[in-house]
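# Per-entry structural report
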Amino acid sequence: MRIILVGPPGAGKGTQAQVLQQTFNIPHISTGDLLRQAVREETALGKQARSYMDKGELVPDELVTAMVAERLQRPDCASGFLLDGFPRTIAQAEALAVELARSGKELDGVISIMVPRADLIERLSGRRVCRECGAMYHERFDPPKKAGICDRCQGTLYQRSDDNAETVSARLSVYERATAPLLSYYRDRALLYEIDGSGTPEEVSQRITATLKSV
Ligand code: ADP
Ligand code: ADP
Ligand code: ZN
């Protein structure tokens with residue numbers, strides 16, 4: 001199964017990806033996570049990516065595309081993958097198409113998660129992430145049992161530096177301008193499945209899983 005998750009920041013891509021990777025037994029590839037790791041490790045890529053991420057802008061296509069191409073060549077992607085946060089521009093979608101064609105592979109579907117803007121802002125402002133295992137929480141909608149501590153690994157939870165009001169608003173504009181055009185790109189190729197992202201995470205997972213099982 002080769003799947004893409006598209007959606008504005010806060011739509012629940014990461015949350016759903018954690019469920020889907022288990023249901024379909026495929027690796028979850030989040031370009032946001034890979035880039036944050038590069039920034040933390042201060043690699044050449046991380047040094048270039050940082051200023052864009054801090055401002056809520058997109059990291060240049062060439063950098064992200066090369067990173068993903070390298071990731072897709074690893075053996076764990078042989079039987080499929082779940083891309084979260086990539087592609088985010090038409091140029092990235094075209095680069096991915098070239099990369100897949102080269103290895104004779106095709107996408108099975110693109111899941112677009114749709115959530116009203118007011119809910120996105122609420123979800124992002126309360127998002128907390130485990131520093132150790134990456135598990136996602138929400139201050140109000142999905143709080144950990146003990147404040148600030150991950151239920152799964154006892155790691156400390158933190159708030160992403162780009163989840164502040166100003167950067168969130170920049171990221172939402174970037175989504176509308178650069179990423180939303182991907183919806184018609186994939187609709188034209190009969191790959192797009194639009195999913196209502198409101199309701200509980202379990203309700204959303206059920207919608208996505210039912211859709212993917214019928215593909
Ligand atoms: P969210 O979960 O809020 O959608 P991500 O974790 O996916 O955000 O991405 C965080 C930041 O990383 C983005 O604002 C952008 O700067 C950078 N980024 C992630 N994926 C891409 C991509 N495919 N192309 C360009 N920049 C990206
Ligand atoms: P994305 O990867 O699309 O940016 P996340 O999966 O990180 O989104 O979710 C953003 C925040 O919203 C997190 O704090 C997460 O716990 C919360 N969240 C995810 N799905 C839902 C949902 N269906 N209802 C309420 N909150 C949710
Ligand atoms: Zn944890």
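In what follows, the structure referred to is the one given above.
The text that follows walks through the structure, step by step, so that each part is easy to find. (Residues numbered from 1 in each chain as written. Chains lettered and ligands numbered in written order. Predicted model: local features only at pLDDT ≥ 70, side-chain atom pairs only at ≥ 80, totals over all residues. Heavy atoms only, no water.)

### A short note on the sheet that holds strand β1 (residues 2-6)
The strand order β2-β3-β1-β4-β8 describes an open sheet built from five strands, whose pairing is parallel. Since the sheet does not close on itself, it has two edges, and those belong to β2 (28-30) and β8 (192-196), each with one partner. Here the strands of the sheet are splayed against their neighbours by 20° on average, with no regard to which way each runs. Here helix α8 (residues 181-188) sits on the sheet and contacts β1, β4 (109-114) and β8; the angle it forms with β8, its principal contact strand, is near 130°. (Pairing = 2+ DSSP bridges. Helix = DSSP H or I, 4+ residues; strand = E, 2+ residues; numbered from the N terminus. Axes fitted to C-alpha atoms, helices over the stretch in contact; angles between N-to-C directions. Contact = heavy atoms within 4.5 Å.)

### Concerning the packing of aromatic side chains
Tallying each qualifying case throughout the model produces one aromatic pair. Judged by centre distance (4.9 Å) and plane angle (90°), the rings of Tyr 185 and Tyr 186 are edge-to-face. The pair formed by Tyr 185 and Tyr 186 is uniform in burial state, with each residue classed as buried. For Arg 131, the ring lying beneath its charged end belongs to Tyr 158, and the centroid distance is 4.5 Å. Positioned above the aromatic ring of Tyr 185, the side-chain terminus of Arg 189 is 3.7 Å from the ring centre. (Phe/Tyr/Trp six-rings, centres within 6.5 Å; stacked < 30°, edge-to-face > 60°. Buried < 20%, exposed > 50% of the residue type's maximum accessible area, 1.4 Å probe, protein only. Lys NZ or Arg CZ within 6 Å of the ring centre and 35° of its normal.)

### A look at the side chain of Arg 128
Relative to the helices and strands, Arg 128 is located in strand β5 (residues 127-130). Every residue in contact with Arg 128, bar those within four places of it in the chain, is listed here: Ala 135, Met 136, Tyr 137, Glu 139, Leu 157, Tyr 158 and Gln 159.

### Focus: empty space enclosed by the protein
Summed over all chains, the structure comprises one cavity of 30 Å³ or more. Taken as a whole, the largest cavity holds about 40 Å³ of empty space. Lining of the largest cavity is provided by Leu 5, Val 6, Gly 7, Lys 13, Gly 85, Phe 86, Pro 87, Arg 88 and Thr 179. Across the lining of the largest cavity, the residue classes tally to four nonpolar, three polar and two charged. (1 Å grid on protein atoms, 1.4 Å probe; cavity = no way out; pocket = protein on both sides within 12 Å on 5 of 7 lines; lining within 4 Å. Points joined across faces, edges and corners; volume = space filled by probe spheres on them. Nonpolar A, V, L, I, M, F, W, Y, C, P; charged D, E, K, R; others polar.)

### So, the coordination of the zinc ion (ligand 3)
The protein atoms that coordinate the zinc ion (ligand 3) are Cys 130 (SG), Cys 133 (SG), Cys 150 (SG) and Cys 153 (SG), at distances of 2.3 to 2.4 Å. Around the zinc ion (ligand 3) sit four donor atoms, and with donor-metal-donor angles ranging over 96 to 116° the site reads as tetrahedral. Between consecutive donors of the zinc ion (ligand 3), the numbers of intervening residues give the motif C-x2-C-x16-C-x2-C. In this pair, Cys 133 is assigned in the loop between β5 and β6 (136-138) and Cys 150 in the loop between β6 and β7 (157-158), connecting sequence segments 17 residues apart. The buried category is assigned to Cys 150, whose relative accessible area is 1%. (Donors = N, O, S within 2.8 Å, 3.2 Å for Na, K, Ca; no water. Tetrahedral: all angles 85-135°; square planar, octahedral: opposite > 155°, others 65-115°.)

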